Amino acid sequence: MVINTEWYRIFLHAAEHSNLTKAAQTLHMTQPSVSYAIKQLEDALGVALFDRLSKGVRLTQEGHALYLHVRQAFAELDSAERHMKKLKGFSEGRLRIGANGAIIKDFLLPSLDVYHARYPHVRIQMSQEKTSRILERLKNGSLDLGFVHLPISDDEIMIHSTQASPYCAVAGTAFADWARQPLSAATLTKLPLLMLSPDSSTRSFIEGWFRSQGFEAEADFELTNLDMLAEFARRGYGVAFLPRTFVASDIADGSLLELVTETPLPDRRIGIAVPKALTPSLAARAFLELLQDKKDRA
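What you see is a predicted model, and the numbers here were worked out from it, not measured in a lab.

Peer 1: Provide a residue-level description of the packing of helix 9 (residues 226-234) against helix 10 (residues 244-253), including the pertinent values.
Peer 2: Taken N-terminus to C-terminus, the directions of helix 9 and helix 10 make an angle of 30°; their axes are 11 Å apart at the nearest point. Between helix 9 and helix 10, the angle falls in the class roughly parallel. For the pair helix 9 and helix 10, the sense of crossing is right-handed. Residue-level contacts link L226, D227, A230 and R234 of helix 9 to F246, V247 and D250 of helix 10. Here the residues of the contact of helix 9 with helix 10 are counted per class, giving four nonpolar, no polar and three charged.

Peer 1: Before we move on, can you summarise the pattern of salt bridges with the specific residues and values?
Peer 2: Side chains that carry opposite charge are capable of pairing whenever their charged atoms lie near each other. Using the criterion set out here, one finds 19 salt bridges in the structure. Here R180 and D177 are joined by a salt bridge, their closest N and O atoms 2.2 Å apart. D177 matches R180 in its accessibility class, with the two residues each being exposed. For the salt bridge of E222 with R203, the shortest nitrogen-to-oxygen distance reads 3.2 Å.

Peer 1: Give a description of the packing of helix 1 (residues 5-17) against helix 4 (residues 61-88) that names residues and reports values.
Peer 2: Helix-helix packing: each pair is described by the crossing angle between the helix axes and the interaxial distance. Interaxial distance between helix 1 and helix 4 falls to 10 Å at its minimum, and their mutual angle equals 110°. Between helix 1 and helix 4, the angle falls in the class roughly perpendicular. The crossing of helix 1 and helix 4 is left-handed. For the pair helix 1 and helix 4, the contacting residues are T5, Y8, R9, F11, L12, A15 and E16 in the first and G63, L66, Y67, V70, R71 and F74 in the second. Tallied by class, the residues present in the contact of helix 1 with helix 4 amount to eight nonpolar, two polar and three charged.

Peer 1: Before we move on, could you go through the side chain of T202 and cite the residues and values that matter?
Peer 2: With respect to the helices, strands and loops of the structure, T202 is situated in helix 8 (residues 201-211). Judged by its relative accessible area of 4%, T202 is buried. Side-chain polar atoms of T202 contact the side chain of R268, separated by 2.8 Å. Leaving out residues up to four positions away in the same chain, T202 has contacts with H149, Y167, L196 and R268.

The rules behind the values
- Residues numbered from 1 in each chain as written.
- Predicted model: local features only at pLDDT ≥ 70, side-chain atom pairs only at ≥ 80, totals over all residues.
- Heavy atoms only, no water.
- Axes fitted to C-alpha atoms, helices over the stretch in contact; angles between N-to-C directions.
- Helix = DSSP H or I, 4+ residues; strand = E, 2+ residues; numbered from the N terminus.
- Parallel < 35°, antiparallel > 145°, perpendicular 65-115°, else oblique.
- Left-handed = near helix turned anticlockwise from the far one by under 90°.
- Contact = heavy atoms within 4.5 Å.
- Nonpolar A, V, L, I, M, F, W, Y, C, P; charged D, E, K, R; others polar.
- Salt bridge = Lys/Arg side-chain N within 4 Å of Asp/Glu carboxyl O.
- Buried < 20%, exposed > 50% of the residue type's maximum accessible area, 1.4 Å probe, protein only.
- Polar contact = N/O pair within 3.5 Å; in protein donor to acceptor, adjacent residues only side chain to side chain.

Written out as structure tokens, the structure is:
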């Protein structure tokens, strides 16, 4: 049974004033209109809600029981409206981001710092995960957006914007002789190679580069993150393939040497992924707009 919500609002005011005329004045209605609404509610529920007295009205036992529920319901509605206003004003809210580890420092954090300063009351939740897991969570609604490596073929995912991430081959000073001339893919396969685990999109990217030149790359060290790749490379264990921005300071101070390849490593594309079928939250929409403004100014 669905009953007119307005009847409940009129009932609530009548109960709190114990007088239909005063309730009508508060509601900017006529007293007969208030009486009619209450009569309609009583008929719909099949109970008497008020005893009509000479100087007003008084709740019946059933009316009092209903009043307690209606008062709580309207208090919840008021609370909900206040919450919506806070969300619209960004004094509350939540932004849930998933990001691949290689992307966070140089591509996500600069924009996130601006967002955090602009909307300090929005709670930011970030998960560092593989691209496949990020896509899964976007589709089940547990993430608002994801910073991922491209390409992605998924009809349920939309890429909001993209950015290039140049890659390079690096090694420690123990490989100084190899840094004096361009290296072919064939030569690189003979050197110890440092790579991420086989299910990593970065690993697939590097292996694809070797295969495009007719070679299979075999990893001598399989590590779980870029920091470990850089650390083992610095210590002279082999050649690592890393985002140039990630190792720029190491190359500048000489702790890592950039190895020139005869066939340049292609840039990787980074995209901001969002679920097609889900409406972004106000907090997520504000972050996407910030990213778009930054791109437009670039």
